Amino acid sequence: MTTAEARPEREQQLNFAVHCGFAVLITASLVRFVFRHGPDENTLVLVLAGLLCGVYVTAVRSPGPARTVATWVLVGVWTMLVVLAPSFAWCAFAVFFVCRSGVPARQAAAATAVTALSTAAGLFKLSDFTDVAALLGPLAAGLVLTLVYERLEGALARQAALNDELRAAQAQAVAAERAAGTMAERERVAREIHDTVTQGLASTVLLLEAADRRDGLSAEVRQATEQLRLNLAETRGLVHELATADAPEEPLETALATAVRKHVAHMRVAVVGQPRDLPAEVRHALLRIAQSAAANVEQHAQAQTASVTLGFLPGSVTLDIYDDGLGFVPDATAGHTREGGYGLRAMRQRVEQLGGTFAVESAPGEGTVIGVEIPLYRSGSGESEAKGGQR
């Protein structure tokens, strides 16, 4: 059980003890008064005692402002009762606790003072106004109880604050440990990629370059070598991103321009709307989609012009890639075959995993437009608006 849960339980136990004490004291006081006074004196006191019990129940059960009003009525009835019948003075302890919990802090001192003065007046009257101790005793007891209660409330408040700070520190420690674990895993993956894929690509490029210098290679093989060199650079960039996850990132439009111009040097990049920070997974998906689309333009489109438009909408981000190249029939390349088809399929999967929509508009001789929209506040998985294969 947490401290926050234990405190209300302790308060309930204390309140139950106070209520039981009030019931016992009011009964004992009532019996004592009835046996010591005649019937002609009992009527008003019995009425006030019954009214006191009813108001007491109302005060401890009423919520909010109604409880404050009921508590002040309780103090008023108690004042009349204890002045008329000092035998009920022992009930002051229960009334004191109800006053401390039933009215705002600024009014609690006043309610406690009225309770102490009423008790002192009743006991002083009982002594025929001769016993100074009966007058001062309730006042001193009220003062001591008030100081102790306020000290206790202060200690509980400080303990609650310390518990909140402890929970916040524990949450920060857990978050830091999780972040450290994530970073360690990213570094491990980066090392694995560097030691396998990156090294393999580098070795392949070196071997092809050596073969070209020795025997000469065909134009196609040289083109493949250049493509491998680009893939090597991209893989090294990916390794760097994984190993430096906390490093400041360049603006997305700059990263997009760098990514697409590795494939299409003249590709234009435009931004619509007010740029803002995006979730890491959204930023990564947009970069990879733009990069893959630019690679398609380079390999298949034979385009004269090509452009990328990044749009920031109130609840989503969009990416449109256009080229005026050869175009194709999207439905004809919907499947993944040996000849191709994986590029657009991978783009669509990236978008759908983020709850977005993916569309391809193209026709032979009319160029191609790839449209992406990813919501920034996900409400469910989006459905793609169009499906296509690799061009």
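Since this is a predicted model, take the numbers as computed values, not measurements. (Residues numbered from 1 in each chain as written. Predicted model: local features only at pLDDT ≥ 70, side-chain atom pairs only at ≥ 80, totals over all residues. Heavy atoms only, no water.)

### Points about the overall build of the protein
Logical step 1: Tallying secondary structure elements over the protein gives 10 helices and five strands in all.
Logical step 2: Taken over 391 residues, the protein has a buried fraction of 36%.
Logical step 3: Within the protein, contacts between residues separated by at least 24 positions form 71% of all contacts whose residues are at least 6 apart in sequence. (Helix = DSSP H or I, 4+ residues; strand = E, 2+ residues; numbered from the N terminus. Buried < 20%, exposed > 50% of the residue type's maximum accessible area, 1.4 Å probe, protein only. Contact = heavy atoms within 4.5 Å.)

### Focus: the environment of Val34
Logical step 1: By the secondary structure assignment, Val34 is in helix 1 (residues 3–36).
Logical step 2: Residues Val34 and Val45, spaced 11 residues apart in sequence, show a C-alpha to C-alpha distance of 9.4 Å.
Logical step 3: Leave out the neighbours within four places in its chain, and Val34 touches Asn42 and Leu46.

### Topic: the nonpolar core
As a rule of thumb, nonpolar side chains are buried together in soluble globular proteins.
Logical step 1: In terms of nonpolar packing, the biggest core is built from 36 residues, with Leu286, Val317, Leu319, Ile370 and Val372 touching the most fellow members.
Logical step 2: Sorting the residues of this core by element identifies helix 8 (252–261), helix 9 (280–301), strand 2 (306–312), strand 3 (316–323), helix 10 (342–353), strand 4 (357–362) and strand 5 (368–375) as the ones contributing at least two each.
Logical step 3: Not counting residues within four places of it along the chain, the set of residues in contact with Leu286 comprises Leu252, Leu256, Leu278, Leu310, Val317, Leu319, Val372 and Ile374.
Logical step 4: In this structure, Ile26, Val55, Ala85 and Ala92 belong to the second largest nonpolar core, which totals 28 residues. (Core = buried A, V, L, I, M, F, W, Y, C linked by side-chain atoms within 4.5 Å.)

### Re the environment of Val47
Logical step 1: The residue Val47 is located in helix 2 (residues 39–61) in this model.
Logical step 2: Put simply, Val47 and Leu81 are 34 residues apart on the chain and 9.5 Å apart in space, counted from C-alpha to C-alpha.

### Here's the deal with helix 6 (residues 132–215)
Logical step 1: Between the first and last C-alpha of helix 6 there are 121 Å, a value that for 84 residues agrees with the 124 Å anticipated at 1.5 Å per step.
Logical step 2: A maximum bend of about 35 degrees is found in helix 6 at His194.
Logical step 3: Just downstream of helix 6, Gly216 is the residue with a positive phi angle, here 80 degrees. (Expected span 1.5 Å × (residues − 1). Bend = angle between axes of the 7 residues up to and from the residue.)

### Some remarks on the pattern of salt bridges
Logical step 1: Applying the stated criterion across every chain yields a total of seven salt bridges.
Logical step 2: Glu185 serves as the salt-bridge partner of Arg188, at 2.7 Å between the closest nitrogen and oxygen. You can see Arg188 and its partner Glu185 sitting in helix 6, three residues apart, about one turn around the helix.
Logical step 3: Judged by its relative accessible area of 37%, Arg188 is partly exposed.
Logical step 4: For Glu209, the salt bridge goes to Arg229, with nearest N and O atoms at 2.3 Å. (Salt bridge = Lys/Arg side-chain N within 4 Å of Asp/Glu carboxyl O.)

### Digging into helix 8
Logical step 1: Listed as buried for helix 8 are Leu252, Ala255, Leu256, Ala257, Ala259 and Val260.
Logical step 2: Its buried side turned inward, helix 8 meets strand 1 (268–272), helix 9, strand 2 and strand 3.

### What about the pairing of strand 1?
For a regular strand, side-chain orientation follows a simple rule: the groups alternate between the two sheet faces.
Logical step 1: Strand direction decides the pairing type here: strand 1 and strand 2, joined by five bridges, are parallel. By the bridge assignment, Val271 is partnered in strand 2 with Leu310.
Logical step 2: Handedness of the crossover joining strand 1 and strand 2 through helix 9: left-handed. (Pairing = 2+ DSSP bridges. Right-handed = clockwise from strand over helix to strand, strands pointing away.)

### Thoughts on the confidence of the model for the protein
Logical step 1: On average, residues of the protein score 79 in pLDDT, and 87% of them are at 70 or above.
Logical step 2: Within the model, pLDDT remains below 50 along residues 1–6, and this stretch shows four contacts once partners closer than five positions in the same chain are excluded.
Logical step 3: Across residues 379–391, where pLDDT falls below 50, the model places 49 contacts with residues more than four positions away in sequence or in other chains. (pLDDT = per-residue confidence, 0-100.)

### Considerations on the sheet that holds strand 1
Logical step 1: In space, the five strands of this open sheet follow the order 1-2-3-5-4, with mixed pairing throughout. Two strands lie at the open edges of the sheet, namely strand 1 and strand 4, each paired on one side alone. Mean inter-strand twist for the sheet, computed between neighbouring axes without regard to direction, equals 10 degrees.
Logical step 2: Where strand 3 lies against strand 5, eight bridges are found, and the strand directions are antiparallel. Counterpart to Ser316 in the pairing with strand 5 is Pro375.
Logical step 3: The strands touched by helix 8 within the sheet are strand 1, strand 2 and strand 3, with strand 1 carrying the most contacts at an inclination of about 155 degrees.
Logical step 4: Those strands touched by helix 9 are strand 2, strand 3 and strand 5, and its axis lies near 10 degrees from that of strand 3. (Axes fitted to C-alpha atoms, helices over the stretch in contact; angles between N-to-C directions.)

### Concerning a nonpolar patch on the surface
Logical step 1: A cluster of nonpolar side chains, namely Leu117, Val132, Leu136 and Leu139, defines an oily patch on the protein surface of about 340 Å² accessible area.
Logical step 2: A per-element tally of the nonpolar patch places helix 6 first, with three residues.
Logical step 3: By secondary structure assignment, the location of Leu139 is in helix 6.
Logical step 4: Under the relative-accessibility criterion, Leu139 is labelled partly exposed at 30%. (Patch = residues over 30% accessible without salt bridge, like charges linked within 9 Å, V, L, I, M, F, W, Y side chains within 5 Å. Areas by Shrake-Rupley, 256 points an atom, 1.4 Å probe, with all protein chains shown as cover.)

### Topic: the packing of helix 8 against helix 9
Logical step 1: Two elements in contact, helix 8 and helix 9, have axes whose closest approach is 9 Å; the angle formed by their N-to-C orientations is 30 degrees. With respect to their mutual orientation, helix 8 and helix 9 come out roughly parallel. Handedness of the crossing formed by helix 8 with helix 9: right-handed. Counting all contacts with helix 8, which are made through Leu252, Ala255, Leu256, Ala259 and Val260, the residues of helix 9 involved are Arg283, Leu286, Leu287, Ala290, Gln291 and Ala294.
Logical step 2: Residue composition of the contact of helix 8 with helix 9, by class: nine nonpolar, one polar and one charged. (Parallel < 35°, antiparallel > 145°, perpendicular 65-115°, else oblique. Left-handed = near helix turned anticlockwise from the far one by under 90°. Nonpolar A, V, L, I, M, F, W, Y, C, P; charged D, E, K, R; others polar.)

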